[in-house]
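For reference, the chains in residue letters:
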Amino acid sequence: MCAQKPALAIIVCTFKRPDLLRATLKSIAAQQSMVCAERVQVYVVDNSDEGDARGIVAEQAATSPWPMTWLEAHPANISVARNAGVKAGQEEFVAFVDDDQILHPGWLDAVARLFSHKEGDAWLGCVHGVFETPERTTPAIRSLFGRELQEPFGYELFAFGSGKLPSVNPATNNSIFRRAALDSDAPFDPAYGKGGGEDYDLFCRLQRRGKRLFWAPDVVVSEFVPASRCDRGYLRRRFFAGGQVFAAAIAGSASRPGLARWLIRLKALVQGALLLAGGPKACFAGEARRADYLFRWAGVLGKLSFGEIYPLYQPKK
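Counting of residues starts from 1 at the beginning of each chain's written sequence and follows it residue by residue. A pLDDT threshold of at least 70 governs which residues receive local features in this predicted model, and a stricter bar of 80 or more applies before side-chain atom pairs are shown or counted, although totals over entire chains, interfaces and linings include all residues. Heavy atoms throughout the structure, all of them, feed into the side-chain values; hydrogens and water do not.

Secondary structure elements are taken from DSSP: a helix is a run of H or I of four residues or more, a strand is a run of E of two residues or more, and numbering for both begins at the N terminus. Checked against the element boundaries, Ser64 lands in the loop between helix H2 (54-61) and strand E3 (68-72). Given the relative accessible area of 14%, Ser64 is considered buried. Polar contacts here mean pairs of N or O atoms no more than 3.5 Å apart (in protein, one a potential hydrogen donor and the other a potential acceptor; neighbouring residues in sequence count only if both atoms are side-chain atoms). Here the side chain of Ser64 touches Trp66 through a polar contact of 2.8 Å, landing on its backbone oxygen. We call a residue buried when its accessible area falls under 20% of the maximum for its residue type, exposed when it is over 50%, and partly exposed in between, using a 1.4 Å probe and counting protein chains only.

Below, the discussion takes up the pattern of salt bridges. Salt bridge criterion: a side-chain nitrogen from Lys or Arg within 4 Å of a carboxyl oxygen from Asp or Glu. Tallying each qualifying case throughout the model produces twelve salt bridges. Of the charged contacts in the structure, one is a salt bridge between Arg17 and Asp99, with a shortest N-O distance of 2.5 Å. Taken as a pair, Arg17 in the loop between strand E1 (8-14) and helix H1 (18-29) and Asp99 in the loop between strand E4 (93-96) and strand E5 (101-103) lie far apart in primary sequence, 82 residues in all. Residue Arg17 is classed as partly exposed on the basis of its relative accessible area of 22%. The exposure class of Asp99 is buried, given its relative accessible area of 3%. The salt bridge partner of Glu198 is Arg82, with a shortest N-O separation of 2.8 Å. One end of the pair, Glu198, is in helix H7 (residues 198-208); the other, Arg82, is in helix H3 (residues 78-88), and 116 residues separate them in sequence. The network of salt bridges with shared partners includes Arg17, Asp99 and Asp100.

Listed below in structure tokens is the structure:
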């Protein structure tokens, strides 16, 4: 019976994006389960000081078939917000959806089918990037803001190691977890909260603990990417922070973090040498190739960095 089905928490963290949040919640409310009426609870975690999402949640909850709860989380830190959403409920499964994403029809049914997947501790769904300025995109930008694999359902994904796909850095946008796999009411490290990467750090720690991550191509969302996120300066900062996050997360989950961090720096030096060798070709390969070349350099420099993770969400003045 439906009442015996595993319960699902959908967590949406938001920060001052009212119009995008409204669209996200509408797409959640529009879900109709053909499998059965799953027990679903939506938690909207407002990470702003003003609490400006509260009215939007009340507005959408009035017509939603799924209960929607507004939560506040302080200070402004994405890890604090995610942890508040996890702690709020006890549902057996936890899904994360970003406040700039639209759930495709059938999303809930596709998630419900994961409940019987005995081996899975977490799943990543498909993300279609919808760009405000598609003419400014490059292959690296499309990969950064999308997740579209050609692999079948149940393909195992890895955060690091020989099995990791170069095109996929596991992230929580459109993801589902067994609550038991999280093993904590506060699984996200606040140290990553102002620069991002708290989700990649979590996936690295889960993999170290033997938890398994799988691909769920039928769990589909679209993600809106504004023109500002295609700005070359912003993207170089983001790739630099991404390099820092990669190094910190891999080293932090290793048995000997200091040694692991230096090994990552050595590998980054090799990557830098290869980039230098390919520089002349990249310079004459067109604007998009030049941009992606500089993004790769930013990532390498991030891995080499000795500083703290760049505060991407609160840029330095």
